[in-house]
Amino acid sequence: MSAVQTASGITIASTIKRRDFLAGAAAGSLVLGMHLPALAQEMSASGGGALPPEINAWVVVQPDERVIVRVVRSEMGQGTLTGLAQLVAEELECDWSRVSTVYPTPGESLQRQRVWGSFSTGGSRGIRESQDYVRKGGAAARMMLVQAAADEWKVPAAECRVDKGVITHAGSQRRTTYGQVARAAARLSPPTEVPLKDPKTWKIAGQRLAKLDTREKTNGSQVYGSDLKMAGLLNAAIRDCPVFGGKVRGVDSAAVEKMPGVKKVVRVGDSAVAVVADTWWRAKKGVDALKIDWDLGPHAGVQQADINATLKAGLTAEQAAVGNSVGDTRAALAGAARRIEAEYAYPFQNHATMEVMNATARWTPQRCEVWTPTQNGEGALAATAEAAGLPPAQCDVYRLHLGGGFGRRGAVHDWVRQAVAIAKELPGTPVKLVWSREEDMTHGRYHPITRAKVTAGLDARGDIAGLHLRISGQSILAGIFPQNVRDGRDPVVFQGLNAGGGEAMIGYTFPALLVDHAMRNPHVPPGFWRGVNMNQNAVYLECFIDEIAHATGQDPLALRRKLMANHPKHLAVLEAAAKRAGWGTPAPDVDGQKVFRGLAQMHGFGSYVAACAEVSVNTAGELKMHRIVAATDCGHAVNPQQIEAQVEGSFVYGLSAALYGECTVKDGRIEQRNFDTYPVMRMNTMPKVETVILTSGGFWGGVGEPTIAVAAPAVLNAIFAATGRRIRELPLGNQSLKRA
């Protein structure tokens, strides 16, 4: 027996048996007994009729040789859908041109004792935490299909070979196809031992294949949550209290209830009011016309300066949770021949997904269904069940492609709860809740705000004797999963600074090191934001290493090489980025401007990453980013083209945050309400990105998030090289870049 605790705290018990995991269920019974909407679409496309055979939970083979791969991790542009299908198809030895995918629902997974494992897609874990069991699913299906052919021919399976879904018996040259033996294969017991291919032999995985959903996204047929239509659908808009922690004291809705198209005004929880109408625009106009009396609560007087002062005080607080400690750092600093110290700051930041939060819900006393873009179908199911007041078995969530996730649609499903609460007031009627951009911007789960003070003690030779990195600021776990905070310590705070483990290790060796955190939690709710705490930790560590290099007259790469002697994988990506960029030789001028370089490296989400940025700054202090060379070692490259796209996209997101990303608080509320005050990068400001992919093997790392962290520090270090000015507070848009 195992149990999964969802984001809402609901515990879903499950029993997962090896046989069920590999085989799913018998071909007919369970599939016929449940609603598989995506599979039904596949059947319709092939003319309907009986359900095609399920070989196991991951693989369905149709009579016309088409292969359906079931994927439960969410697709939001990062390519996980295609990457996981490649891994299954590789082991299955099917024809890639005949592969398509479907999403099982979390409700179906619950009925089948969570046979598909975790639905969560965050922390760059979509492929790396699924790869083993999805590959085994494909391999087991191949073995069963080959065995079915061998049984028909009455020959040993070992004498049969398969290529692109065609099975051949070597001795007699008899041939058959997966589609012809699928029903017989589905009746076989799954193998107990499932060997996997050596990645060096991959023919489908490891290749630069186009994403499976590219056509739908380019021709406009891809359905996102905000596109969804169904018979009898009503639309809802919502207004939540502008101050976190506030409530609705009262609302005058009389005039709104008489507006054209308005069906109902609904109180949602104790802090929000929604209007339901025949169109979303009418619902939104209704919300705008509501006369709401807010109880703004205890945080209405909080200003950004108050939060900054609280964090600054934490830099010298006596109490702090230790994340990494080597030797006696305080003694090393006290006895140092020279000290170097710097203070940095990192702001609140919004996820700012292009598609705002939305969900469609239909509630009856017997069942509740939700259609929504989510990074975690099981988390959305738990939120649905709790809001619906029904057991999870009487609910389901139909996941749609996401118009951006970045962590916002993962751990917290506040919009789903709202949609269900509204739908409960109109039983049997589907209601689509879509947040306005302003609602989305001011009611997010924000990148945590932190400050850091970093102190290094140098010995008489100028070598680092000890380093203390004190972080003061917000804890994501305290705001979302407080049960995971132990003795005031949030382990996620120390991403990229840990002593060991395969997830987020520091890449330097110091004689003495102390990394600690003074937790200071303002009222603004934190969330997991793409790259999470690696983003600010990379700025704090990598910019400070650069400061030490310049203060001691050392080349930044040479200093890092000395400190990274015991960290060969960290060093390998740094060397790769530096070599590709041409470190050690002058960068060519661009339009008469001198170009300067900066370095950064980190380890996070299981991968080793580094970047070399090239920038110029003119006499007016105007920054131009020309090129960033990124190197990443994720162990295995499932699709190099997708890795390159993810690295490029991560720099768009990371550099947007570095240049402009800041949310500030006035009178307890977030000030930035739309893209006019929270801008993102334009195409003409984006540098050229070159990606170097290293595949040292032996581990599986993430791709979507790690390189975000090295974008800002590489650029900041290049700016110093260009101007002599240290920028220690982001965003860059608030700073003067004129030469010091």
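I will try to describe carefully the structure that is included in this document. (Residues numbered from 1 in each chain as written. Predicted model: local features only at pLDDT ≥ 70, side-chain atom pairs only at ≥ 80, totals over all residues. Heavy atoms only, no water.)

If a residue is not glycine, its phi is most likely negative; likewise, a peptide bond is most likely trans. Omega for the bond connecting L730 with P731 falls within 30 degrees of zero, at 10°, which places this linkage in the cis form. One can find P731 in the segment after α21 (708-723). Even without being glycine, R114 reaches a positive phi, approximately 55°. Among the secondary structure elements, R114 is positioned in the loop between α5 (106-111) and α6 (131-153). Relative accessible area serves as the criterion here: at 9%, R114 is assigned to the buried category. At D591, a position not held by glycine, the phi torsion is positive, near 50°. Taking the relative accessible area as the measure of exposure, D591 reaches 78% and is therefore exposed. (Helix = DSSP H or I, 4+ residues; strand = E, 2+ residues; numbered from the N terminus. Buried < 20%, exposed > 50% of the residue type's maximum accessible area, 1.4 Å probe, protein only.)

All right, on to the side chain of T176 then. In this fold, T176 is placed in strand β9 (residues 175-177). Assessed through its relative accessible area of 9%, T176 is described here as buried. A distance of 2.8 Å separates polar atoms of two side chains, one belonging to T176 and the other to Q180. Those residues in contact with T176, other than ones at most four positions away along the chain, are A149, W153, G165, V166, I167 and V181. (Polar contact = N/O pair within 3.5 Å; in protein donor to acceptor, adjacent residues only side chain to side chain. Contact = heavy atoms within 4.5 Å.)

Looking now at the sheet that holds strand β6 (residues 99-102). Spatially, β3-β4-β5-β6 is the arrangement adopted by the 4 strands of the open sheet, whose pairing is mixed. Every other strand in the sheet has two partners, leaving β3 (54-56) and β6 as the edge strands with one partner each. The average undirected angle you get between the axes of adjacent strands in this sheet is 30°. Here β3 runs beside strand β4 (residues 59-61); their pairing, made up of 2 bridges, is antiparallel. Among the inter-strand pairings, E54 is bridged to a residue of β4, identified as V60. The sheet strands contacting helix α4 (residues 80-92) are β4, β5 (67-70) and β6, and the helix crosses β6 at an angle near 125°. Here α6 sits on the sheet and contacts β3 and β4; the angle it forms with β3, its principal contact strand, is near 120°. (Pairing = 2+ DSSP bridges. Axes fitted to C-alpha atoms, helices over the stretch in contact; angles between N-to-C directions.)

With 4 bridges joining them, strand β7 (residues 160-163) and strand β8 (residues 166-169) adopt antiparallel strand pairing. Following the sheet pairing, C160 is matched in β8 by H169. Remark: 2 residues form the turn of the hairpin made by β7 and β8, two consecutive strands paired antiparallel; K164 in that turn has positive phi of roughly 55°.

Oppositely charged side chains can pair when the atoms bearing their charge come close. What the rule picks out here adds up to 46 salt bridges. Put simply, D132 and K136 hold a salt bridge, and the shortest N to O gap is 3.3 Å. Highlighted residues: D132 and K136, both in helix α6, separated by 4 residues, approximately one helical turn. Of the residues examined, D132 reaches a relative accessible area of 34% and is grouped as partly exposed. Salt-bridge contacts for R409 lead to E355; the nearest nitrogen and oxygen are separated by 3.9 Å. Of this pair, R409 sits in the loop between β19 (395-400) and α14 (414-424) while E355 sits in the loop between β16 (338-346) and β17 (358-363); the two residues are 54 residues apart in sequence, bridging distant segments of the chain. (Salt bridge = Lys/Arg side-chain N within 4 Å of Asp/Glu carboxyl O.)

Turning to the environment of A411, a few remarks are in order. Looking at the element boundaries, A411 is found in the loop between β19 and α14. Distance in space between the C-alpha atoms of A411 and A380 is 9.0 Å, their sequence separation being 31 residues.

So, on to the sheet that holds strand β13 (residues 272-277). Sheet architecture is open: 7 strands sit in the order β12-β13-β10-β20-β17-β18-β19, paired in mixed fashion. Every interior strand has two partners, whereas the edge strands, β12 (262-268) and β19, have only one. When strand polarity is set aside, the average angle formed by the axes of neighbouring strands in this sheet is 20°. In terms of strand pairing, strand β10 (residues 234-240) meets strand β20 (residues 431-434) through 3 bridges, oriented parallel. Residue pairing across strands places N235 opposite K432, the latter belonging to β20. Relative to β10, helix α10 (residues 280-289) is tilted by about 30°, and along the sheet it contacts β10, β12, β13 and β20. Those strands touched by α14 are β10, β12, β13, β17, β18 (368-373) and β20, and its axis lies near 35° from that of β17.

What follows deals with the pairing of β5. Of the two faces of β5, the one holding V67 and V69 and the one holding I68 and R70 are both buried throughout. Counting the residues in the hairpin turn of β4 and β5 gives 5 residues, including E65, whose phi is positive at 80°. Between the parallel elements β5 and β6, the chain passes through α4 in a crossover that is right-handed. (Right-handed = clockwise from strand over helix to strand, strands pointing away.)

The final tally for this structure, using the stated rule, is 11 aromatic pairs. Their ring planes at 35° and their centres at 6.0 Å tell us that Y344 and Y540 sit as a pair that is tilted. Placement of the pair is Y344 in strand β16 and Y540 in helix α17 (residues 534-551), with a sequence separation of 196 residues. What makes Y344 buried here is its relative accessible area of 1%. Ring pairing ties together the aromatic residues F406, W529 and Y653, which thus form one cluster. For the cation-ring pair, R399 lies above Y103, with the distance from its terminal atom to the ring centre recorded as 3.8 Å. We note R726 situated over the ring of F720; from NZ or CZ to the ring centre the distance is 3.7 Å. (Phe/Tyr/Trp six-rings, centres within 6.5 Å; stacked < 30°, edge-to-face > 60°. Lys NZ or Arg CZ within 6 Å of the ring centre and 35° of its normal.)

This paragraph deals with the nonpolar core. Judged by nonpolar contacts, the single largest core of 95 residues is most densely connected at L469, F510, F544, F651, V715 and L732. In contact with F651, other than residues within four places in its own chain, are A611, I628, A630, S656, M681, M686, V689, T707, V710 and A711. Within the second largest apolar cluster, 48 residues are counted, among which are V72, M144, Y178 and I204. (Core = buried A, V, L, I, M, F, W, Y, C linked by side-chain atoms within 4.5 Å.)

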